[in-house]
Amino acid sequence: MTSTTVLTTVRRIRPEDAARMRALRLEMLADSPLAFLETVAEAAARPHADFAARVAAVSRGDHTAQFVADPGGRLVGHAGGVAAPDEPGLTLVYAVYLTPARRGSGLLAALVDEVAAWSRACGRPELMMEVVVGNDRAYRAYQKLGFTDTGVRVPHPRIPGLHELQMRRAA
């Protein structure tokens, strides 16, 4: 399934998107350093061949997938999904990002809808995501998309003292 919002196509990533996705990944890390599990320096140091291999791997299959918002030229949004290791009917939504100029445009919903459609097609009827506690903008945006706070709090995987809250919804 592919959707289009404000002349921007939201679709599964393709191997030929590697360079544009690398640029978006560096933007994501610079804009929201607490939200993602690596630093700008770590991502920038990764060889392009490694990055391209990762993009190729998530462009197919039902274990993990990434979706992008592509207006032509620079990519402006991303959302990924991966099968939960301990819960067969669950997809973990990760690395959700929109370039600041495109926030509020409807692209967030389109990206999450693509992850949800892929998840359902893979036989996983539920989505879960983790949001840094205190990131109220993201929390409210995900609530508008039907995610509810489960009450579960987990330590941030990289930053001691920070916690993430878990949100779920049907796929």
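To be clear, the structure that these remarks concern was listed above.
Residues numbered from 1 in each chain as written. Predicted model: local features only at pLDDT ≥ 70, side-chain atom pairs only at ≥ 80, totals over all residues. Heavy atoms only, no water.

### Details of the pattern of salt bridges
- Counting across every chain of the model gives 14 salt bridges.
- The residue D70 makes a salt bridge to R11 at a minimum N-O spacing of 2.8 Å. Of this pair, D70 sits in strand β3 (residues 64–70) while R11 is found in strand β2 (residues 8–12), placing the two residues 59 residues apart along the sequence. For the pair D70 and R11, a shared accessibility class is recorded, and that class is buried.
- D17 is the salt-bridge partner of R20, the closest N and O atoms lying 3.1 Å from each other.
- R20 gets classed as partly exposed once you look at its relative accessible area, which sits at 26%.
- Here the salt bridges do not stand alone but share partners, grouping R11, D17, R20 and D70 into one network. (Salt bridge = Lys/Arg side-chain N within 4 Å of Asp/Glu carboxyl O. Helix = DSSP H or I, 4+ residues; strand = E, 2+ residues; numbered from the N terminus. Buried < 20%, exposed > 50% of the residue type's maximum accessible area, 1.4 Å probe, protein only.)

### Quick look at the packing of aromatic side chains
- In the structure shown here, the tally under the stated rule is 3 aromatic pairs.
- When the ring of F36 is compared with that of Y97, the centres are 6.4 Å apart and the planes differ by 75 degrees; the resulting orientation is edge-to-face. A residue pair is termed long-range when its members are at least 10 positions apart, and F36 in the loop between α1 (18–31) and α2 (40–45) and Y97 in strand β5 (residues 90–98) qualify at 61 residues.
- Measuring from centroid to centroid gives 6.1 Å for Y142 and F147, while their planes differ by 70 degrees, and the two rings are edge-to-face. Take Y142 and F147: they sit in the same class, and that class is buried.
- When the ring centre of W118 is taken as reference, the NZ or CZ atom of R124 above it lies at 4.7 Å. (Phe/Tyr/Trp six-rings, centres within 6.5 Å; stacked < 30°, edge-to-face > 60°. Lys NZ or Arg CZ within 6 Å of the ring centre and 35° of its normal.)

### Quick word on unusual backbone geometry
- Unlike most non-glycine residues, A95 shows phi in positive territory, near 50 degrees.
- A95 sits in the buried class, given a relative accessible area of 14%.

### Side note on the nonpolar core
- Residues L127, M129, Y142, F147 and M167 are the most contacted members of the largest nonpolar core, which totals 28 residues.
- Counting only elements with at least two residues in this core, the list comes to β3, β5, α4 (107–121), β6 (126–132), α5 (136–144) and β8 (163–170).
- Here this core gets 8 residues from one element, more than from any other, and that element is α4.
- In contact with M129, other than residues within four places in its own chain, are V93, V96, Y142, F147, L165, Q166 and M167. (Core = buried A, V, L, I, M, F, W, Y, C linked by side-chain atoms within 4.5 Å. Contact = heavy atoms within 4.5 Å.)

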